[in-house]
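Descriptive analysis of the structure
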Amino acid sequence: MQPGALSKALKSGAIWGFIVLELAFFSIAGEFLSLSDKAFMDWENMLLLLKQSAPIGIIAMGMTLVMVNGNIDLSVGATFAIAAIVLLDSMTWPIFAGLGDWVIPVAWLLALAVGTLLGALNGLIVWKTGVDAFIVTLGSMLGFRGIVFMFNGENPTSHLNWTLVDFAEAQFLGLHTATWFLLGVTLALWFVMARTVHGRNAYAIGDNREAAVNAGIRVGPHMMINFAIIGFLAALSAVVFYSESGSVNPNDGQLYELWVITAVVLGGTKITGGAGNVIGTFGGVIAIQLLRKGLGHIGADTSTVNLVIGLILIAVLILDRQLNIKGKEELKV
Amino acid sequence: MTDPVLRLENIVKTFPGVRALDGVSFSVMPGEVHALMGENGAGKSTLMKVLGGIHQPDGGAIVMGDTPVVMAGPLEAKAKGIVFIHQELSLAEELSVAENIYLGELPRKSFGRVDWARLAERTNSILKKLNVGFDARTRVGDLSIANQQMVEIARALTVDAKAVIFDEPTASLTDAEKVVLFDVIADLKASGVGIIYISHRMEEIFKITDRISILRDGQYQGTVNTAETTEEAVTQMMIGRKLDLSRNASHHELGNVALQVRGLSCGKLYSDVSFEVRRGEVLGFYGLVGAGRTEIAETLFGLRDPSSGQILLDGEEVRISSPADAIARGISLVPEDRKGQGLVLGMNCRDNMTLPQVDDLKAGPFMAEGAEVAIFDQYRDKLDIRTPGWKQRVGNLSGGNQQKIVIGKWLSMHPNVLIVDEPTRGIDVGSKSEIHKLLRDLAAQGYAVIVISSEMPEVLHVSDRIVAMYSGRIMRTFTSEEVTEDSLIQAISGLGGDKAA
Ligand SMILES: Nc1ncnc2c1ncn2[C@@H]1O[C@H](COP(=O)(O)OP(=O)(O)OP(=O)(O)O)[C@@H](O)[C@H]1O
Ligand SMILES: [Mg+2]
């Protein structure tokens, strides 16, 4: 076995082990603490869990790509809200009045296009100015959120289209529409990252930017494409979610960026870039959702949930460090 | 007469505060190995980066065939048949060997997919030529530094090269790997490729090159035929004066034993290691890469815990728990990997040099800037560090000057025991002899000095005694009077040599 192989195996498997642990814990603890007499690992419950994972999960796949690339995007929550407003509001625009239910694909396309453009804009600024992605997207997070509030003040934007709701609530082969989108996006992003030249170059850039430049890889365009992809996915997440709920509050999507980043990091993506994959991220998303749901199941409130997730994130990072050091034959740092 | 593969005409390149290249011209013929020599900071790497499309020249022209060409970027240079093997490793550690070799030009198939089959096939055929012990799918970060260097070298074989640039390729290679590299170069040469070879190692230059071009302070000094010149002549062109190679023979009194090690072992890395070093003495450690020398140094510096054995400082047994502990006890280590362990590349020269003593250089709550600058100036002069000023980012210095900053940093700590691991890797002959002299001087002043080196002339030159290591064990300890090159080689290859200290 090569040095470091054990640590790698542990790391890639760790998130799934953690999920099993969560399932066991909440099933047993639920027997004693839960208010309902339904088992935690109930099939319906698990299907619901997947569905509820979708909004964060879809964005997290894009964040994996962006973080592997050596960047970060803090504006995804705000992009999510803007796309939601575009989706719901455009369905009421008079010019689309004659379309009937054909307004649905039009509204979808509009929302997705807006998300993609906002993402590309982030990417363009990072590329052309060379300013750190953290700063650029911190700015656009505030800016985009400002636009959301300018649109309708504190009031929600609502529009219910029953065809759309039916579609969003449909179940195909047992899985909800949102779950299918999550699975599809995971597969697509896996393909992009593991199989395409663009994906591999993204890894190289995040790993050693100077080496990538020396090898003639055009760093800027690759980064911009990845920001466009995450913008698109933030919008897709909104489209999937609001097709069902039909009403968006101006605060919706806040803190999504943090949930998403937590899931990605839990899933084993290196914060400095160069390593990580969507399968791990998928595990991270599930682990977080399990924790939220499980803690709710045994009667904990939201603030407890946040506290526990925060502690686990830190614990995981420490463990990860320890494993890495073991891999290097005990060399102290 | 055949036409040159490429010709550089009056290349000029300035960086803020530095005229790195000042009208350099030279040409490379097909099938020739052309050495480029010069002191640290003379502009060799910069010239090659201009040729490789990484820097754009401020003046002058690159001519290939009959036409001047513009190298707009690295890919364009590659497309024109110029392959650049960089001085500092330029690899993505998390990616596989194959992806690194074909970085920037992974073979594609439909839908922008990577053609893994073709990639593996091509890579494996290259790796076979290089006769290395890893395959296309190995993660580069899992390879030793030497093997990573072989990955860089493999890049030379990926395209139909017209010219291949090797910027100090042997700095971290073992002798066996050097043989492979020289075979590769011979093959390239035989197929009519022009090779530019940068190195500070004279014996290599005289062994494999046909012509030598020399730079000094960014200025072209001329080109000579290797067969018709001597090391002295080349050195003089490089540094503009004659070099004093005599060993500082001052025979001073040896002091008491500063550091003693008894039966020290550390897992599989090394075992049952015993030696002592006195004040006023230079103890050399010689052996092949991987013999365990660096690991011993790391143990003494508190970076590794030994599994058994004793360390005594001034006769007292100590446990060195961390580098901070080691520094407090007067042990300093100049590490072998300057980028990873010795320098903060983004910080300026002065701050790098005074980094370990920030706590001592305070004036009230503030940094004593004046004192810091004074320290920097002192060691810049002592080590002849070439930089426009202390404000320069260390990352912008030439490789050799970076190494001098690391040495200066630890010297400024006035340690009792100074351990230097490969102190002159990538350092030009002039500064090399300066550093050797400095190590001797330090011993004369009463420091105990341990020098780890893979260069035989270096250990022979600086050491009072030499410890020969093979595969984690001390094979023999020589005094400078009794040592011969042959006995040393035998000892470090595990042949002969009585296993006594
Ligand atoms: N990006 C940069 N910005 C500013 N100065 C630079 C930059 N790159 C190189 N220099 C300066 O240009 C000069 C030449 O450096 P170069 O790296 O070409 O030297 P070299 O001959 O390769 O030396 P060595 O043998 O140490 O590798 C040095 O003074 C260096 O500090
Ligand atoms: Mg150089």
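Residues numbered from 1 in each chain as written. Chains lettered and ligands numbered in written order. Predicted model: local features only at pLDDT ≥ 70, side-chain atom pairs only at ≥ 80, totals over all residues. Heavy atoms only, no water.

1. Some thoughts on the overall build of chain A
Within chain A, the regular secondary structure consists of 13 helices and 4 strands. Its C-alpha atoms put chain A at 70 × 60 × 35 Å along the principal axes. Looking at chain A residue by residue over its 333 residues, the buried ones come to 51%. Total accessible area computed for chain A in this model is approximately 15300 Å², and 69% of it derives from carbon and sulfur atoms. (Helix = DSSP H or I, 4+ residues; strand = E, 2+ residues; numbered from the N terminus. Buried < 20%, exposed > 50% of the residue type's maximum accessible area, 1.4 Å probe, protein only. Areas by Shrake-Rupley, 256 points an atom, 1.4 Å probe, with all protein chains shown as cover.)

2. As for the overall build of chain B
Broken down by element type, chain B carries 17 helices and 24 strands. The C-alpha radius of gyration of chain B comes to 24 Å, within 12% of the 23 Å expected for a compact globule of 501 residues. With respect to the principal axes defined by its C-alpha atoms, chain B has extents near 70 × 50 × 50 Å. For chain B, the residues scored as buried account for 55% of the 501 residues in total. The contacts in chain B between residues at least 6 apart in sequence include a share of 65% that link residues at least 24 apart. Accessible surface, chain B: about 20400 Å² in total, of which carbon and sulfur atoms supply 49%. Once the 54 positive and 67 negative side-chain charges of chain B are each reduced to a mean point, those two points are 4 Å apart. (Rg over C-alpha atoms; globule rule 2.2 N^0.38 Å. Contact = heavy atoms within 4.5 Å. Lys, Arg positive; Asp, Glu negative; His and termini not counted. Charge placed at Lys NZ, Arg CZ, Asp CG, Glu CD.)

3. So, the site of ligand 1
All names here are of chain B. Surveying the vicinity of ligand 1 reveals 20 residues, the closest of which are Lys44, Ser45, Thr46, His200 and Gly400. Side-chain polar atom of Lys44 to an oxygen atom of ligand 1: 2.8 Å apart, as the coordinates give it. Between an oxygen atom of ligand 1 and a main-chain N or O atom of Asn396, the distance comes to 3.0 Å. Protein contact buries 90% of the 640 Å² of open area that ligand 1 shows by itself. Elements that contribute at least two residues to the shell around ligand 1 include exactly strand 2 (18–28), helix 1 (44–51) and helix 14 (399–411). Examining the composition of the shell around ligand 1, we find that 3 residues originate from one element, helix 1, more than from any other. The class makeup of the residues in the shell around ligand 1 is 5 nonpolar, 12 polar and 3 charged. Counting contributing residues per domain, the shell around ligand 1 is built from domain 1 (6–239) and domain 3 (339–414), each supplying no fewer than three. (Near = heavy atom within 4 Å. Polar contact = N/O pair within 3.5 Å; in protein donor to acceptor, adjacent residues only side chain to side chain. Nonpolar A, V, L, I, M, F, W, Y, C, P; charged D, E, K, R; others polar. Domains from an automatic or database assignment.)

4. Here's the deal with the confidence of the model for chain A
Residues and elements named next belong to chain A. When pLDDT is averaged across chain A, the result is 87; 91% of the residues are at 70 or more. Residue range residues 1–6 is modelled with pLDDT below 50. Its contacts to residues more than four positions away, or to other chains, number 6 contacts. Every residue in residues 326–330 scores below 50 in pLDDT, and together they form 6 contacts with partners more than four places removed in sequence or on other chains. (pLDDT = per-residue confidence, 0-100.)

5. Some remarks on the side chain of Thr387 of chain B
Residues and elements named next belong to chain B. Along the chain, the position of Thr387 falls in the loop between helix 13 (369–383) and helix 14. From its side chain, Thr387 meets the backbone oxygen of Gly389 in a polar contact 2.8 Å long. With near-sequence residues (within four places) excluded, Thr387 lies in contact with Cys349, Phe376, Arg380, Gln392 and Leu397.

6. A word on the sheet that holds strand 22 (residues 448–453) of chain B
Two strands in a sheet stick together by hydrogen bonds in their backbones, pointing the same way (parallel) or opposite ways (antiparallel). Residues and elements named next belong to chain B. Taken in spatial order, the 6 strands of this open sheet run 18-21-22-15-23-24, and their pairing is mixed. Edge positions in the open sheet fall to strand 18 (331–334) and strand 24 (473–479), since each of these has one partner strand only. For this sheet, the mean angle separating the axes of adjacent strands, direction not counted, is 20°. Across 6 bridges, the pairing between strand 23 (residues 465–470) and strand 24 is antiparallel. Each residue of the ladder has a partner; that of Met469, found in strand 24, is Ile474. (Pairing = 2+ DSSP bridges. Axes fitted to C-alpha atoms, helices over the stretch in contact; angles between N-to-C directions.)

7. Details of the environment of Ala491 of chain B
Residue and element names in this part refer to chain B. By the element assignment, Ala491 lies in helix 17 (residues 485–492). In this structure, the C-alpha to C-alpha distance between Ala491 and Thr477, residues 14 residues apart in sequence, is 9.4 Å. Discounting chain neighbours no more than four positions away, the residues touching Ala491 are Ala468, Tyr470, Met475 and Phe478.

8. Notes on a nonpolar patch on the surface
Taken together, the side chains of Trp16, Leu187, Trp190 and Ile279 of chain A define a hydrophobic patch exposed on the protein surface, amounting to about 390 Å² of accessible area. The exposure class assigned to Trp190 of chain A is partly exposed, which follows from its relative accessible area of 32%. (Patch = residues over 30% accessible without salt bridge, like charges linked within 9 Å, V, L, I, M, F, W, Y side chains within 5 Å. Salt bridge = Lys/Arg side-chain N within 4 Å of Asp/Glu carboxyl O.)

9. Brief notes about the pattern of salt bridges
According to the stated counting rule, one finds 29 salt bridges over all chains in the structure shown. In this structure, Arg386 of chain B engages Glu39 of chain B in a salt bridge whose closest nitrogen and oxygen atoms are separated by 3.3 Å. One end of the pair, Arg386 of chain B, is in the loop between helix 13 and helix 14; the other, Glu39 of chain B, is in the loop between strand 3 (33–37) and helix 1, with 347 residues separating them in the sequence. Taking relative accessible area as the criterion, Arg386 of chain B reaches 29% and is therefore assigned partly exposed. Given a relative accessible area of 6%, Glu39 of chain B falls into the buried group. Note that Arg139 of chain B is salt-bridged to Glu94 of chain B, the shortest N-O span being 3.2 Å. Of this pair, Arg139 of chain B sits in the loop between helix 4 (116–130) and helix 5 (145–154) while Glu94 of chain B sits in the loop between strand 6 (82–85) and helix 3 (97–101), and the two are 45 residues apart along the sequence. Because the salt bridges share partners, they merge into one network encompassing Lys270 of chain A together with Glu94, Arg139 and Asp142 of chain B.

10. Quick look at the nonpolar core
All names here are of chain A. Among the nonpolar cores identified, the biggest contains 97 residues, and Ile58, Met63, Leu87 and Tyr242 are the most heavily contacted of them. Here this core gets 13 residues from one element, more than from any other, and that element is helix 2 (residues 43–68). In this structure Leu87 touches Ala107, Trp108, Ala111, Ala238, Val239, Tyr242 and Ser243, once residues within four positions along its chain are discounted. (Core = buried A, V, L, I, M, F, W, Y, C linked by side-chain atoms within 4.5 Å.)

11. Quick word on helix 12 (residues 278–297) of chain A
Taking 1.5 Å of rise per residue, 20 residues should cover 28 Å, and helix 12 of chain A covers 28 Å from first to last C-alpha, within 8% of that figure. Along helix 12 of chain A, 17 of the 20 residues are buried, which leaves the element largely enclosed by surrounding structure. (Expected span 1.5 Å × (residues − 1).)

12. A few points about the interface of chain B and chain A
Between chain B and chain A, the contact holds 32 residues from the first and 29 residues from the second. Buried area between chain B and chain A, both sides added, is near 2400 Å², and the carbon and sulfur share of it is 54%. Its largest share of buried area at the contact with chain A, chain B owes to Glu94, Leu103 and Leu303 of chain B, together 20% of the area lost on that side. Along the contact surface separating chain B from chain A lie 2 salt bridges. Between Arg200 of chain A and Glu99 of chain B there is a salt bridge, with the nearest N and O atoms lying 2.3 Å from each other. Viewed at the interface, chain A and chain B are joined by 8 residue pairs in polar contact (both at pLDDT 80 or more). Those elements that place two or more of their residues in the side of chain B that touches chain A are helix 2 (74–79) and strand 8 (113–114) of chain B. Counted by class, the side of chain B that touches chain A contains 14 nonpolar, 8 polar and 10 charged residues. (Buried area = accessible area lost by both parts, 1.4 Å probe.)

13. Let's talk about the packing of aromatic side chains
Within this structure, the stated rule accounts for 11 aromatic pairs over all chains. A centroid spacing of 5.2 Å and a plane angle of 75° characterise the contact between Phe25 of chain A and Phe26 of chain A, whose relative ring orientation is edge-to-face. Overall, Phe25 of chain A belongs to the partly exposed group, its relative accessible area being 48%. The exposure class of Phe26 of chain A is buried, given its relative accessible area of 3%. Judged by centre distance (5.0 Å) and plane angle (80°), the ring pair of Phe275 of chain B and Phe285 of chain B falls under edge-to-face. Pair noted here: Phe275 of chain B is in strand 14 (residues 270–278) and Phe285 of chain B is in strand 15 (residues 282–287), with a separation of 10 residues, a long-range link. For the pair shown, Phe275 of chain B and Phe285 of chain B are each scored as buried. The structure contains a cluster of three or more aromatic residues connected by ring pairs, namely Phe80, Phe241, Tyr242 and Tyr256 of chain A. (Phe/Tyr/Trp six-rings, centres within 6.5 Å; stacked < 30°, edge-to-face > 60°.)

14. What to know about the domain arrangement of chain B
Residues and elements named next belong to chain B. For chain B, the assigned domains read domain 1 (6–239), domain 2 (247–330 + 416–501) and domain 3 (339–414). Taking the mean C-alpha position of each, domain 1 and domain 3 sit 30 Å from one another. Taken together, the contact between domain 1 and domain 3 spans 8 residues of the former and 10 residues of the latter. Of the roughly 640 Å² buried between domain 1 and domain 3 on both sides combined, carbon and sulfur atoms contribute 41%.

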